Amino acid sequence: MNKLDTALVTAALKEAGFGLTESVKEADVVLINTCSVREHAEQRVLSHLGHLKHIKKSRPDLVVGVIGCMAQRLGDRLLEDNTVDIVCGPAQLPELTQLVTKALQERKKSPAVTEKIRQRTAEEHSQALEEFESVYGIENRQIPGQAFVRAMRGCNNFCTYCVVPYVRGREVSRPPEAIVEQIRKLAHHGIKQVTLLGQRVNAYKYKHSDTVWSLADLLGAASDVEGIEWLRFVTSYPSEEFFDEILQVMAASPKVCNYLHMPAQNGSDKILRAMNRHYSSGWYLELLDRARAAVPDIAIAGDFIIGFPGETDEDFEATVQLAKHARYKNAFIFKYSPRPGTTADNRLQDTVPAEVKQRRNTELLAVQEEISDELSRAFLGKEVKVLVEGLSKKSQVNMEAGRNPQLVGRTAGDWIVVFNGPESLAGRFTEVRISNSSPFTLFGELT
Ligand code: 5AD
Ligand code: SF4
């Protein structure tokens, strides 16, 4: 979501005549797009702001803006120490160009959060965002050949640990025609892979007089767009609604990647209840069985939160068991981070000590690594289709003259593949024979 917002904002500012620079030294304006999902992400922003405060001592004209979820969460509190000039939440991004221009002209503090939210109706916001998205969402290309397209904004689930519904607001599904039209334009610009985004993207629902569009319908319509070869969607919430329909489209359409990111978050039913996740670990595992029955080679990924308030060793053991049964391709593991304003933070003490969280994190990661290692070994000797992203991290630091650099790409199942090849392959599909593997990366040669 943040990457998409950054792309939209960049496109809007470019159209207004601004140029992009990676260096603070050259910049007249510095914008920090922020995430509030864990405290650590916010602390990094505060540390950047500390650095900018120092720079502003010698360059008082530098305009600093904080945009995104942290702007929404903290509002004009961010203006207090005279470093930040612009505070702009996710729903006000369409106004950002104006705010930047005003700040440059008038050097006035511009909080585009809180008061304005109260003044405007949600519908007006929605319209402004929809327009912003449609106009500027047709050329985002942070990775060549790939684009994110928002299917829906916000979240209604209110998992007790999560700040998202507070900062991104309630769920709004975008009109299917607008989404498909955007995908068509992206295809026209050479985009080959589109990832549909939503906090609970499988809850996508758009009413058209007497018909309802689901994510399955949307994937079907997007599959008809010429030029688009791969379609993905993240993130799915474990839910019965549309589940079979979505899997059917995945099984039937060669364009819909056989990949599902569907976090369980925890394996203990007691903790799942306390998290306000509406399922048990047993039911969740049955859902995975159904997915694997419908789409036999499906790659499934998950997220876990460990150290939620009240999590005992027994609860944690249930999570380890779930990981062993789920056999994810990979899983992102997060230590519980109390977020101000959430139900968990209001009602529960962050009781699990930091060292216990760390120990559980390491243990769960080791379990996942073993599973990922087994699954990645199964690729040895096989040929896989890869959408090339570009130079790998290693080749960016250590480019050898005269040799093909190291590239990185992903398979339809989201496996990361590293191989040597010409940089001109970025944004294109190629075939790679896998000759080596590590738990989370495949290595191979161009065939
Ligand atoms: N603490 C730790 N992890 C969190 N996530 C969301 N909120 C929190 C929190 N308060 C994790 C969930 C989610 C991912 C994006 O971030 O696992 O799926
Ligand atoms: Fe947060 Fe839960 Fe919504 Fe995901 S489903 S964004 S974890 S509230």
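An account of the accompanying structure is given in this report. (Residues numbered from 1 in each chain as written. Chains lettered and ligands numbered in written order. Predicted model: local features only at pLDDT ≥ 70, side-chain atom pairs only at ≥ 80, totals over all residues. Heavy atoms only, no water.)

**Quick word on the overall build of the protein chain**
Defined as follows: Working definition: helices are DSSP H or I runs of at least four residues, strands are E runs of at least two. Numbering for both runs from the N terminus. Computation of the radius of gyration draws on C-alpha atoms alone. For the globule rule, the value is 2.2 Å times the number of residues to the power 0.38. The cut-offs for exposure are 20% and 50% of the maximum accessible area for each residue type, with area from a 1.4 Å probe on protein chains only; residues under the lower value are buried, those over the upper are exposed, and the others partly exposed. The contact criterion used throughout is that any non-hydrogen atoms of two residues lie within 4.5 Å. Using a 1.4 Å probe, accessible areas were evaluated by the Shrake-Rupley method; residue-level cover was limited to the displayed protein chains. Counted as positive: Lys and Arg. Counted as negative: Asp and Glu. His and the chain ends are not counted at all. Note on charges: their place is set at NZ of Lys, CZ of Arg, CG of Asp or CD of Glu.
In terms of regular secondary structure, the protein chain is built from 16 helices and 19 strands. The globule rule puts the C-alpha radius of gyration for 447 residues at 22 Å, and the 23 Å found for the protein chain is close to it. A buried classification covers 53% of the 447 residues belonging to the protein chain. Restricting to contacts in the protein chain with at least 6 residues of sequence separation, those with at least 24 account for 71%. Just so you have it, the protein chain exposes about 20800 Å², and 50% of that area is on carbon and sulfur atoms. The distance from the centre of the 55 positive side-chain charges to the centre of the 58 negative ones in the protein chain is 4 Å.

**Notes on the sheet that holds strand β1 (residues 29–34)**
Where we set the bar: When DSSP finds two or more bridges between two strands, those strands count as paired. Lines fitted to C-alpha atoms define the axes here, with helix axes fitted over just the stretch in contact, and angles between the N-to-C directions of these axes take values from 0 to 180 degrees.
A sheet is described by the order of its strands in space; here 4 strands give the open sequence β1-β2-β3-β4, paired in parallel fashion. Unpaired on one side and paired on the other, β1 and β4 (110–111) mark the two borders of the sheet. Where strand β2 (residues 63–68) lies against strand β3 (residues 86–88), 3 bridges are found, and the strand directions are parallel. Directly across from Ile 67, in β3, lies its bridge partner Cys 88. The strands that helix α2 (residues 39–58) touches are β1 and β2; relative to β1, the one it contacts most, it runs at about 170°. Contacts from helix α4 (residues 96–106) reach β1, β2, β3 and β4, with the element oriented near 170° to β3.

**Digging into the site of ligand 1**
So the rule is basically this: Nearness is judged by heavy atoms alone; a residue qualifies as near a molecule or strand once a single heavy atom is within 4 Å of it. Here a polar contact means two N or O atoms within 3.5 Å. Within protein one must be a hydrogen donor candidate and the other an acceptor candidate, and residues neighboring in sequence count only if both atoms are side-chain atoms. Classification convention: Asp, Glu, Lys, Arg as charged; Ala, Val, Leu, Ile, Met, Phe, Trp, Tyr, Cys, Pro as nonpolar; all other residues, Gly among them, as polar.
Every residue close to ligand 1 is listed here: Val 37, Arg 38, Tyr 161, Gln 265, Asp 303, Ile 305, Phe 334, Lys 335, Tyr 336, Ser 337 and Arg 339. Residue Ser 337 places a main-chain N or O atom 2.8 Å away from a nitrogen atom belonging to ligand 1. Considered on its own, ligand 1 offers 410 Å² of accessible surface; in the complex 85% of this is hidden by protein. Only β13 (299–306) and β14 (330–335) provide two or more residues apiece to the shell around ligand 1. Here the residues of the shell around ligand 1 sort into 5 nonpolar, 2 polar and 4 charged.

**Things to note about the site of ligand 2**
As a matter of local geometry, ligand 2 sits amid Cys 155, Asn 157, Phe 158, Cys 159, Tyr 161, Cys 162, Val 164, Pro 165, Gln 199, Arg 200, Tyr 237 and Arg 277. For the shell around ligand 2, the residue count by class is 8 nonpolar, 2 polar and 2 charged.

**Section: the nonpolar core**
Where we set the bar: Side-chain atoms within 4.5 Å are what join buried Ala, Val, Leu, Ile, Met, Phe, Trp, Tyr and Cys residues into a set we call a nonpolar core.
Of all hydrophobic cores here, the largest spans 59 residues; its most connected members are Leu 196, Phe 233 and Tyr 328. Per element, the largest residue contribution to this core is 6 residues, and it comes from helix α9 (residues 215–223). Ranked by size, the runner-up nonpolar core spans 18 residues in total, among them Leu 8, Ala 11, Val 63 and Val 100.

**Regarding the pairing of strand β9 (residues 205–208)**
Both faces of the sheet carry side chains from a regular strand, because those side chains alternate between them. Across 4 bridges, the pairing between β9 and strand β10 (residues 211–214) is antiparallel. Looking at β10, one finds that Tyr 206 is bridged to Trp 213. Adjacent in sequence and paired antiparallel, β9 and β10 are bridged by 2 residues, among which Ser 209 carries a positive phi angle near 30°.

**Considering the environment of Gln 105**
Positionally, Gln 105 belongs in helix α4. Owing to a relative accessible area of 60%, Gln 105 belongs among the exposed residues under this scheme. Separated by 181 residues in the primary sequence, Gln 105 and Glu 286 have C-alpha atoms spaced 59 Å apart.

**Describing the pattern of salt bridges**
Side chains bearing opposite charge may pair, as long as their charged atoms lie close to each other. Stated precisely, the cut-off is as follows: By convention in these notes, a salt bridge is any Lys or Arg side-chain nitrogen within 4 Å of a carboxyl oxygen on Asp or Glu.
Summed over the entire model, instances satisfying the criterion amount to 25 salt bridges. One salt bridge connects Arg 433 with Glu 383, and the closest N-O pair in it is separated by 3.0 Å. Here the residue Arg 433 occupies a position in strand β18 (residues 429–438), and Glu 383 occupies one in strand β15 (residues 383–391), the gap between them amounting to 50 residues. Judged by its relative accessible area of 38%, Arg 433 is partly exposed. Given the relative accessible area of 40%, Glu 383 is considered partly exposed. If you follow the salt bridges from partner to partner, you end up with Asp 5, Glu 130, Glu 133, Arg 150, Arg 153, Arg 168 and Arg 174 in one network.

**Describing the side chain of Arg 360**
Note on placement: Arg 360 falls in helix α15 (residues 354–377). Classification of Arg 360 by relative accessible area gives buried; the value is 4%. Arg 360 has contacts with Ile 306, Glu 311, Thr 312, Asp 313, Phe 316 and Val 352, leaving out every residue within four places of it along the chain.

**What to know about unusual backbone geometry**
Omega for the peptide link from Val 234 to Thr 235 comes to 0°, which places this bond in the cis form. Within the element layout of this structure, Thr 235 appears in the loop between β11 (230–234) and α10 (243–252). Positive phi is not limited to glycine here, since Phe 242 has a value of about 65°. Relative to the assigned elements, Phe 242 resides in the loop between β11 and α10. In this model, Asp 414 sits at a positive phi of 70°, which is unusual for a non-glycine residue. By secondary structure assignment, the location of Asp 414 is in the loop between β16 (406–410) and β17 (416–420).

**Overview of the packing of aromatic side chains**
For clarity, the cut-off: Each aromatic pair joins two rings of Phe, Tyr and Trp (for Trp, the six-membered one) with centres within 6.5 Å, and gets the label stacked for planes under 30 degrees apart, edge-to-face for over 60, and tilted for any other angle. Two conditions define a charge sitting above a ring: the NZ of Lys or the CZ of Arg must be within 6 Å of the ring centre, and it must be within 35 degrees of the ring normal.
Summed over the entire model, instances satisfying the criterion amount to 9 aromatic pairs. Where Phe 308 meets Tyr 336, the ring centres are 5.3 Å apart and the plane angle is 70°; that geometry is what we call edge-to-face. Remark: Tyr 336 occurs in the loop between β14 and α14 (343–347) and Phe 308 occurs in the loop between β13 and α13 (313–326); sequence separation between them is 28 residues. Tyr 336 shares its class with Phe 308; the two are buried. The structure contains a cluster of three or more aromatic residues connected by ring pairs, namely Tyr 237, Tyr 279, Trp 283 and Tyr 284. The residue whose ring lies beneath Arg 232 is Tyr 259, and the NZ or CZ to ring-centre distance is 5.7 Å.

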